[in-house]
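# Close look at the chain arrangement
Letter by letter, the chains look like this.
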Amino acid sequence: MKKIQLSSFLSIVGIGSASGLVFKHNSLFIISDNASFLYQFDILQNKLKRIPLVENPQENIPKKSKYDFESISLKGNKLHIFGSGSTSKREKRIIYNLENEAIAEKDLSKLYRQLKQTCSITDDELNIEGALFYNEKWYLFQRGNGANSKNGIFIINEKFNDDGDIEFIPIQLPKIQHIETTFTDAILVGDKIYFLATAENTTSTYADGEILGSLIGRIDTQTMKIDFTQKISDSHKFEGLTLYNKTEDKIEFLLCEDNDSDILETNIYELILRN
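In this report, we go over the structure that sits alongside the text. Nothing here was measured: the structure is a model prediction, and the numbers come from that model.

## Considerations on unusual backbone geometry
- The residue S120 is not glycine, and still its phi comes out positive at about 55°.
- In this fold, S120 is placed in the loop between α1 (109–118) and β10 (128–134).
- The class of S120 is exposed, set by a relative accessible area of 54%.
- One non-glycine residue with positive phi stands out, namely M224, at about 60°.
- Take M224: it is sitting in the loop between β18 (210–220) and β19 (226–233).
- M224 gets classed as buried once you look at its relative accessible area, which sits at 12%.

## Description of the pattern of salt bridges
- Tallied over the entire structure, the rule returns 15 salt bridges.
- In this structure, the salt-bridge partner of D68 is K66, at a minimum N-O distance of 3.8 Å.
- Residue K66 is classed as buried on the basis of its relative accessible area, which comes to 7%.
- Between E239 and K237 there is a salt bridge, and its shortest N-O distance comes to 3.5 Å.

## Things to note about the environment of L10
- Residue position: L10 is located in strand β1 (residues 3–13).
- Considering only alpha carbons, one finds L10 and T266, 256 residues apart in sequence, at a separation of 8.7 Å.

## What about the sheet that holds strand β12 (residues 152–157)?
- Pairing is antiparallel in the open sheet, where 4 strands are placed in the order β10-β11-β12-β13. The open sheet has two edge strands with one neighbour each: β10 and β13 (167–170). Averaged over all neighbouring strand pairs, the angle between strand axes comes to 20°, with direction disregarded.
- Note that β10 and strand β11 (residues 137–142) share 6 bridges and pair antiparallel. Bridge pairing in β11 links A131 to L140.
- Sheet strands touched by α1: β10, β11, β12 and β13. Its angle to β12, the strand with the most contacts, is close to 130°.

## Structural notes on the pairing of β19
- Strand direction decides the pairing type here: β18 and β19, joined by 6 bridges, are antiparallel. Counterpart to R218 in the pairing with β19 is F228.
- Two successive antiparallel strands, β18 and β19, enclose a turn made up of 5 residues, where M224 displays a positive phi of approximately 60°.

## Examining the sheet that holds β1
- Read from one edge of the open sheet, 4 strands run β1-β22-β21-β20, paired in antiparallel fashion. Each edge of the open sheet is held by one strand with a lone partner, namely β1 and β20 (238–246). Strand after strand, the sheet turns through a mean of 25° between neighbouring axes, direction not considered.
- Pairing geometry for β20 and strand β21 (residues 250–257), over 7 bridges, is antiparallel. Within β21, the position partnered with L243 by the bridge is F253.

Parameters and conventions
Counting of residues starts from 1 at the beginning of each chain's written sequence and follows it residue by residue. Only residues with pLDDT of 70 or above have their local features reported here, since the model is predicted, and side-chain atom pairs are shown and tallied only from 80 upward, although totals for entire chains, interfaces and linings are computed over all residues. With hydrogens and water set aside, each side-chain value is computed from the structure's full complement of heavy atoms. Working definition: helices are DSSP H or I runs of at least four residues, strands are E runs of at least two. Numbering for both runs from the N terminus. Categorising residues by exposure relies on relative accessible area from a 1.4 Å probe, with only protein chains included: less than 20% of the type maximum marks a residue as buried, more than 50% marks it as exposed, and the intermediate range marks it as partly exposed. We count a salt bridge whenever a side-chain nitrogen from Lys or Arg sits within 4 Å of a carboxyl oxygen from Asp or Glu. Here the rule is simple: two strands pair whenever DSSP picks up at least two bridges between them. In this analysis an axis means a line fitted to C-alpha atoms, helices contributing only their contacting stretch, and an angle means the value between N-to-C directions, from 0 to 180 degrees. Should any heavy atoms of two residues lie within 4.5 Å, those residues are considered in contact.

The structure is reproduced here in structure tokens:
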């Protein structure tokens, strides 16, 4: 069992329902599943910047209309932001270039349709909650909290198009109380995948349920087997994970929490794992 320490790191007014984050150059880049902005928070200057990702961007978008941006991943100097895919409105990928601030958008509806066919799930059960790039391939983390409970990892080609082979690796995670935990984010640290998972008492990818707790775990990229899992909270719905610092004896992560509310304030937590 790992020695863990979870503590409050900072609070940011102006962001609600945080669903993913990336730490880069003393800034936190944060997405919200209720908004169509990318948020950049400068930690040293305590300053928040809103970056529109679409025309006529909004905050607190109604559930039926939201883009549901659940995943953000840094590849080179570009941030890749993915919709969850659980409705047709949620099938976009946005790329934000950190160097020139250019924004590109791609429709992923055809690819997402193939993902659903690959693991035999219905349209509303696709729920991409994490993404990372490793070994010339994209790894997309399917949160299997639908009725069919298909929790696992899609592995697809580097260009992120729909003309290559798609592999789906089912991953069964521990239960908290009577509910199986399912992916809420994942990142690459060296050649290991660290992930978050939450137990939520619902069989819907659309409707929220009672939160029973969250855990952190690690997957070996060579075997795709779980090295360990450890519960980190009884009540938080942690949905974002980023590396903050790494030394020989410890790894420090920053986490964000989806508060499932319209309140435009988000809390960032620090999680320390010691060997």
